[in-house]
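Examination of the molecular architecture
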Amino acid sequence: MSKRKQTLGEFIIENQTSFKYTSGELSRLLNSIRLAAKVVNHEVNKAGLVDIIGNAGDTNIQGEDQQKLDVYANEKFIQTLTKRNIVCGIASEEEDDFIAINSQDENNQNKYVVLIDPLDGSSNIDVNVSVGTIFSIYRRVTPLGTPVTLDDFLQKGSAQVAAGYVVYGTSTMLVYTTGHGVNGFTLNPAIGSYYLSHPNMEFPEDGHIYSVNEGYYSDFPVGIKKYIKYCQEDGEDRPYTSRYIGSLVSDFHRNMIKGGIYMYPKSSKNPNGKLRLLYECNPMAFIAEQAKGKASDGFARIMDIQPTALHERVSFICGSKNMVEKAEEFMRNAE
């Protein structure tokens, strides 16, 4: 008889002592994200029904059209995290500014801030392709008993205490790290529980998949163009396979399991890059490094970048360690 798989709740409790701070708040916070993800998953799975898909008629701070499900996911995560009285602040890709939250019992006593991309890859909603949620958790740097400030959110990725993502695909998975490796949990929709299905996830050192939107090839830096050509050439274990879904969570998840590199470099159209440092790149970089992969802007470690704005964009190269280092080599040589 096979051994019963551990639930996410059991795993969080069992591993609580491995957190740097063991007050139980971080465990409660992760449980809140788990709950909100289940609610959003329920809506994603009926996205073909009326009033769920389609454009909400507004644009977010990035100037991008907000899909209705984007708005719903944003509201659900903010509502769940606020009502449970766990965090002192939230920053969302969908909001212009951060949200300061006062603790209901003792003023401003909560210690953590959450940065979240509520629905990554939302342009895929209408065509039934996987989307996801990305989250990042930091311990506040301003004193307890005071309102949070921008400084609490503009921390380097290396200061993260936890990060993760949820992929809403053929199965729904929550993958996260608290700095002690990466573990993946799959939702059993029949009973509403996540079970440990992918313990100790790691990137293979090498891979055979490259993920990039080649439609922007002519706008890419010379180093990236040369690396793409390298991926396509005949050679030892090459050419590589091109796989690009257009949802960071989905592309990252596949590459972590199979081995590969994801690239969203800066371009002539997006001179600073397209992806957001705080909501997408830092959390994925933390997960990648904990899974023995690597994340870079082409020249430097993503998690060493000092953020200067909530919605800052950067160039992003992430995946199997040897592949990322090869891409960096092409970038350096093209300078």
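Residues numbered from 1 in each chain as written. Predicted model: local features only at pLDDT ≥ 70, side-chain atom pairs only at ≥ 80, totals over all residues. Heavy atoms only, no water.

Focus on the sheet that holds strand S15 (residues 293-296)
Cut-off, in case you're wondering: When DSSP finds two or more bridges between a pair of strands, those strands are recorded as paired. Secondary structure elements are defined from DSSP: runs of H or I of at least 4 residues count as helices, runs of E of at least 2 residues count as strands, and each element is numbered from the N terminus. Any two residues whose heavy atoms approach within 4.5 Å at even a single point are treated as in contact. Under this scheme, a helix contributes an axis fitted over its contacting stretch, all axes are lines through C-alpha atoms, and angles between N-to-C directions fall in the 0 to 180 degree range.
The mixed open sheet is built from 5 strands, whose spatial order is S12-S11-S13-S17-S15. On the outer flanks of this sheet lie strand S12 (241-242) and S15, each paired with one strand and no other. Bridge count between strand S11 (residues 209-211) and S12: 2 bridges; the pairing is parallel. Looking at the pairing, Tyr-210 lines up with Ser-242 of S12. Against the sheet, helix H6 (residues 277-290) contacts S15 and strand S17 (316-320), and its axis sits at roughly 20 degrees relative to S17.

A short note on the packing of helix H4 (residues 222-232) against helix H7 (residues 321-333)
Going by this rule: Each angle gets one of four labels, with under 35 degrees taken as roughly parallel, over 145 as roughly antiparallel, 65 to 115 as roughly perpendicular, and the rest as oblique. Here a crossing is taken to be left-handed if its near helix is turned anticlockwise relative to the far helix by less than a right angle, and right-handed if that turn runs clockwise.
The contact between H4 and H7 brings their axes to 8 Å, and the two run at 130 degrees. Judged on the interaxial angle alone, H7 and H4 are oblique. The handedness of the crossing between H4 and H7 is right-handed. Contact residues: H4 offers Gly-223, Ile-224, Lys-226, Tyr-227 and Tyr-230, while H7 offers Met-323, Lys-326, Ala-327, Phe-330 and Met-331.

Topic: the packing of helix H5 (residues 248-258) against H6
Note the threshold: Amino acid classes used here: Ala, Val, Leu, Ile, Met, Phe, Trp, Tyr, Cys and Pro are nonpolar; Asp, Glu, Lys and Arg are charged; the rest, including Gly, are polar.
Their axes nearest at 12 Å, the elements H5 and H6 cross at an angle of 15 degrees. On the basis of the axis angle, H5 is roughly parallel to H6. The two elements H5 and H6 cross, and the hand of that crossing is right-handed. Across the interface between the two elements, Leu-248, Val-249, Phe-252 and Met-256 of H5 pack against Glu-280, Met-284, Ile-287 and Ala-288 of H6. Here the contact of H5 with H6 is built from residues that sort into 7 nonpolar, no polar and 1 charged.

A word on the environment of Asp-97
Put simply, the rule is: Throughout, exposure labels follow a simple rule: accessible area from a 1.4 Å probe, protein chains only, divided by the maximum for the residue type, with under 20% read as buried, over 50% as exposed, and the rest as partly exposed.
Positionally, Asp-97 belongs in the loop between strand S3 (87-92) and strand S4 (99-100). Exposure remark for Asp-97: the relative accessible area of 45% places this residue in the partly exposed category. Along the sequence, Asp-97 and Leu-310 sit 213 residues apart, while their C-alpha atoms lie 7.6 Å from each other.

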